[in-house]
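# Per-entry structural report
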Amino acid sequence: MADNEMNGDADLERISELEDKIKSLELTLEEKDKKILSLEDEVNRLNTEIKSRSAPAAKKSHDKHDPASRSVGAKRIVARNTSGARAVNKPTQNGTAKRTAQSPKKPVGGGGRPKTAPARSAPPSKQLAKKGSRNQRMEVSKGVDGARNNLQWVDVGTNGEEEHAVKLFLRGRGIVCYPPSDFSAEDVKSEKPEQSLKINWVYGYRGRDAQDNIFVLPSNELMYYQAALGIIYNPETRTQRFYQGHNDDIKCMAQSPTDSNIVATGQAAGHDEKEGDPHVRIWNAETLETLAVLGMGQLQRGVCSVAFSPDGSKMLIIDEGNDHTINIYDWNKKTKIASQKGHQDPVIGAKFLPSSNSRFVSYGKGHVIFWDIEGNKLMKKSGLFEKHSKARFVTSLAFTDNGEPLTGDSGGNLYVWNPSERKISGAKQAAHEGTIYTILVKDGTIYTGGQDCKVKKFDMELSEVDSWQLDNAAFGKIKALALLGDRLALGTYNNGMLLGQFGEEAEQIIFGHGAGDLWGGSVHPSENSFVTVGQDKTVYIWEAESHVPKSTFKIEKPGQACCFSPCGSVLAVTSTTGEWWVLDSETGDVISSHKSGPEQIDAISYSPGKLLVIYRVMID
């Protein structure tokens, strides 16, 4: 328990360090803004000097065939227009850049960078509009990642010609990508194509920051989620189906006790204009039809937990906002019944008592709370740990065959609760070494999965019956359990899924990268395979048809980008720390290693010949 408390303190210290770093970066960006403004003033001064010195030759310099007619400021395409932080220099007919009033200048000494909504994109039909006169421009912004990162089409007519450029904004700094010399706007079709993409397979399972998220359907399919998709996997045919109603990451999932095909999923706040707020969708896993949408415009940050009442009529929703508000809905009528602040500390989840449609239990940081629904009010009373060890977090909840709450915590303890007295009636101290993430009760047997990468069996008296140790290095922790017939489906911390008999060697049925982001990918030039590299320091070469890795290599640093050579025999991989390697694509042996500065290398590519090009995004 002391180790877990130390881990929690370390997390708080790390959060404080990250907040300090963010503040430092914001101050640095503010200084850069001031420097850019100073440089723009210098451009204005130079243009003014050019104009004064070239006045006798003004007529000649304005000839449309004279290259000298382009001034210093005439090629400036666009300044950042999403944040409203400063004005923009626009070239005029005589080539002199002048400041416009379209964007207010950022006040000096403000509390960091302004936060604004993402820029809205104009209709596609306007993106490649014809320019009627020289130096006319049309700037259309399409949001990619909030207000600071976006993509723009920019057309600037110069000397009777048109230049079509794409400007990619990263943190407000623009990178202009010019088209080939034979580019023609007439060849670009802005209409929506008749064809559309169809998802074939989703790699990985969300186990890094989620738990208790594998369910079994009446069709003997496994149901879970990844990113914004509800995924239904058939282990016999090795195929997937997808519910695609969400527009941002799914954070939790629940199954109705009265109809196992009725599913609820809650999502984080998204970017969609109409349905970007956090909300819950209730849908049919057989038809993939949306049955109800709850909480739209009523929740703050996201949904961390959902649960059905025993009769399937009510939906319990926990908001991730500061108050961790608990909401009760009649989902068939799409109306809210009651709402109440959950706890000042994080609430991990909540479930209804199996015997009551008006009583439920919530749990989280240092607490277990028993709730009663009384009309449109929620009444709560805290569970009493009394003489029993109280861990930092209560992390999992299930119910015994008698309907008693059974909790697991970050100290590895199992507690059975008397719901009437709100007291612990049975205990198993240190059932696991570390946190218990998931509990499954079936036919008088309790299954638990924990931080020690073990699955254990207990009887109803909490006596240990059996223990199953899995490969900690390969799978990390056990985050979810589900029974598919006589086989256990196990969700792991490294974002994979296993299926097998208790105690026997399990088959990995879902593969994915582990810690960190996944940015690097490349298709093999001649085979039906591709490669990915992630910040988990792992390189996978995948069989595209079977969806399993045919080769797995480890690298020394977090990976960022990768590519095959034209013949496919070697593989180039870059890192987030400036190192890059050339590997044998069959064995993973390092052919050569290199260091190109301290910054991460964002892209790497072979030319059709023998050249290897690396690319780094530099934000000054």
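Residues numbered from 1 in each chain as written. Predicted model: local features only at pLDDT ≥ 70, side-chain atom pairs only at ≥ 80, totals over all residues. Heavy atoms only, no water.

### Quick look at the sheet that holds strand E17 (residues 326-330)
Think of a sheet as strands paired side by side through backbone hydrogen bonds, with each pair either parallel or antiparallel. The condition is simple: Two strands qualify as a pair provided DSSP detects at least 2 bridges between them. Secondary structure elements follow DSSP: runs of H or I of four or more residues count as helices, runs of E of two or more count as strands, with numbering from the N terminus. Helix axes are fitted only over the stretch in contact, all axes being lines through C-alpha atoms; the angle between N-to-C directions runs from 0 to 180 degrees.
Here we have four strands laid out as an open sheet, ordered E15-E16-E17-E18, and antiparallel in their pairing. The sheet terminates laterally at strand E15 (303-308) and strand E18 (335-340), the two strands that pair on one side only. Each strand of the sheet is rotated relative to its neighbour by a mean of 20 degrees, with strand direction disregarded. One ladder, built from five bridges, connects E15 with strand E16 (residues 314-319); its direction is antiparallel. By the bridge assignment for E16, Val-303 is matched with Asp-319.

### Concerning the sheet that holds strand E36 (residues 529-534)
Taken together, the four strands give an open sheet; going across it, the order is E35-E36-E37-E38, and neighbouring strands pair in antiparallel fashion. Edge positions in the sheet fall to strand E35 (518-523) and strand E38 (548-554), since each has one partner strand and no second. Adjacent strand axes in the sheet meet at a mean angle of 20 degrees when their direction is disregarded. Pairing of strand E37 (residues 538-543) with E38 involves six bridges; the strand directions are antiparallel. By the bridge assignment, Trp-542 is partnered in E38 with Pro-549.

### Description of the side chain of Glu-221
The criterion, for reference: The classification of residues rests on relative accessible area computed with a 1.4 Å probe and restricted to protein chains. Under 20% of the type maximum is buried, over 50% is exposed, and intermediate values are partly exposed. Residues adjacent in sequence count toward polar contacts only when both atoms are side-chain atoms; beyond that, a polar contact is any pair of N or O atoms within 3.5 Å, and within protein one must be able to donate a hydrogen and the other to accept it. Only heavy atoms matter for contacts: two residues are in contact if any of them lie within 4.5 Å across the pair.
For Glu-221, the location among the structural elements is in the loop between strand E7 (215-216) and strand E8 (222-226). Take Glu-221: its relative accessible area is 9%, and that puts it in the buried class. One polar contact links Glu-221 to Ser-219, side chain to side chain, over a distance of 2.5 Å. The contacts of Glu-221, once residues within four sequence positions are left out, are Phe-215, Val-216, Ile-232, Tyr-233, Asn-234, Pro-235 and Arg-241.

### Here we look at the pattern of salt bridges
Put simply, the test is: When a carboxyl oxygen of Asp or Glu is within 4 Å of a side-chain nitrogen of Lys or Arg, the pair counts as a salt bridge.
For the structure shown, the criterion picks out eleven salt bridges. Arg-206 is the partner of Asp-209 in a salt bridge, and the nearest nitrogen-oxygen pair spans 2.8 Å. The exposure class of Arg-206 is buried, given its relative accessible area of 11%. The residue Glu-527 makes a salt bridge to Lys-550 at a minimum N-O spacing of 2.9 Å. Here Glu-527 is found in the loop between E35 and E36, whereas its partner Lys-550 is found in strand E38, with 23 residues between them in sequence. Overall, Glu-527 belongs to the partly exposed group, its relative accessible area being 39%.

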